[in-house]
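# Structural features, examined
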Amino acid sequence: SMMKADRDLLTIRVEGDGPIGGLTVTADKNGNVKGYAFHPEVMLPPNAKGKLDVGGALGVGVLSVIQDIGLKEPYVGQTILVTGEIAEDLTYYYATSEQTPSSVALGVLMNKENTVRQAGGFIIQLLPGAEEATIAELEPVTTMLNKGMTPEDILELILGQFGLEILDKMPIQFTCNCTKSRVEKALISIGGRELQEMIDEGKSIEVNCQFCNKHYEFSVDELKKLYEKAKK
């Protein structure tokens, strides 16, 4: 929401040596979000606190924050994974890479059949002169979600004593912008040699979008046309 242009993109990529391998999430300024886990089939028992063991799933690794704001190269900031718990690692990232004292909190409530009942979170960033003790002791997000609290309720609880005024609201939704033409461009980019190998096998191929699991099929004739484009 803090990006300026509609085409600007923010991507968070987490890579670790744990069984899930990593996570990638990308979003634009209009609240269109998509993401995926490298190995979504991973199932771990709850951690010592009875919560989802995100840290155990990710292990030791790196958090990358990539801001594509229309420049020649995107801005990339990186930090190590301190705990593997995403909120704590984002708090560390803001403190070390952007020198912005922040409190990041995330929570997920699960149903017994392993589906998500509710998920939410917040980022509070301190202005110069504000004391960090202001955001030091906050109730866990899962507790607030379990009480049925709305984002407005959570903000009122955390910041109401400071004369909270909500200036803007924005809907958030999962949106995948994949199309067959975008997949064609990706296939062309892999080069003529790889395309020729696919053609030589004499079978159609199927390309899967990692974000939305949509499948795109390409016949041998379509691959030949892409091969011709790749040679140009």
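Now for a quick tour of the structure. (Residues numbered from 1 in each chain as written. Predicted model: local features only at pLDDT ≥ 70, side-chain atom pairs only at ≥ 80, totals over all residues. Heavy atoms only, no water.)

Time to look at the overall build of the chain. Across its full length, the chain holds seven helices and 10 strands. Dimensions along the principal axes, computed over C-alpha positions, put the chain at roughly 65 × 40 × 30 Å. Partitioning the intrachain contacts of the chain with sequence separation of at least 6 by distance along the chain shows that 48% fall at a separation of at least 24. Taken as a whole, the chain presents about 15300 Å² of accessible surface, with 54% of it coming from carbon and sulfur. With 23 positive and 33 negative side-chain charges, the chain shows a separation of 9 Å between the mean positions of the two kinds. (Helix = DSSP H or I, 4+ residues; strand = E, 2+ residues; numbered from the N terminus. Contact = heavy atoms within 4.5 Å. Areas by Shrake-Rupley, 256 points an atom, 1.4 Å probe, with all protein chains shown as cover. Lys, Arg positive; Asp, Glu negative; His and termini not counted. Charge placed at Lys NZ, Arg CZ, Asp CG, Glu CD.)

With that settled, consider the sheet that holds strand β2 (residues 22-28). Taken together, six strands build an open sheet; the order of strands is β5-β4-β1-β2-β3-β8 and the sheet is mixed. Across the chains shown, the open sheet's two edge strands, defined by having one partner strand only, are β5 (75-80) and β8 (173-174). (Pairing = 2+ DSSP bridges.)

Another point: the packing of aromatic side chains. Scanning the model with the defined rule gives three aromatic pairs in all. Geometrically, the ring pair formed by Tyr36 and Phe211 is edge-to-face, given 5.0 Å between the ring centres and 85° between the ring planes. Here Tyr36 is found in strand β3 (residues 32-37), whereas its partner Phe211 is found in the loop between β9 (205-208) and β10 (215-218), with 175 residues between them in sequence. Residue class for Phe211 comes out partly exposed when judged on its relative accessible area of 22%. Linked through ring pairs, Tyr36, Phe38 and Phe211 together constitute an aromatic cluster. Geometry around Phe211 places Lys34 over its ring, the cationic atom sitting 4.5 Å from the centre. Taking NZ or CZ as reference, Lys180 lies 4.8 Å from the ring centre of Phe218, over its face. (Phe/Tyr/Trp six-rings, centres within 6.5 Å; stacked < 30°, edge-to-face > 60°. Buried < 20%, exposed > 50% of the residue type's maximum accessible area, 1.4 Å probe, protein only. Lys NZ or Arg CZ within 6 Å of the ring centre and 35° of its normal.)

Another aspect to go through is the side chain of Ser102. Following the sequence through the fold, Ser102 ends up in strand β6 (residues 102-110). Within the structure, the side chain of Ser102 is placed 2.9 Å from the backbone oxygen of Thr100, a separation counted as a polar contact. (Polar contact = N/O pair within 3.5 Å; in protein donor to acceptor, adjacent residues only side chain to side chain.)

What follows is about the pattern of salt bridges. Counted under the stated rule, the structure contains four salt bridges. The partner of Arg13 in a salt bridge is Glu15, and the shortest N-O contact between them spans 3.6 Å. The exposure class assigned to Arg13 is partly exposed, which follows from its relative accessible area of 28%. The exposure class assigned to Glu15 is partly exposed, which follows from its relative accessible area of 36%. When the shortest N-O distance is used, the salt bridge between Lys169 and Glu152 registers 3.0 Å. (Salt bridge = Lys/Arg side-chain N within 4 Å of Asp/Glu carboxyl O.)

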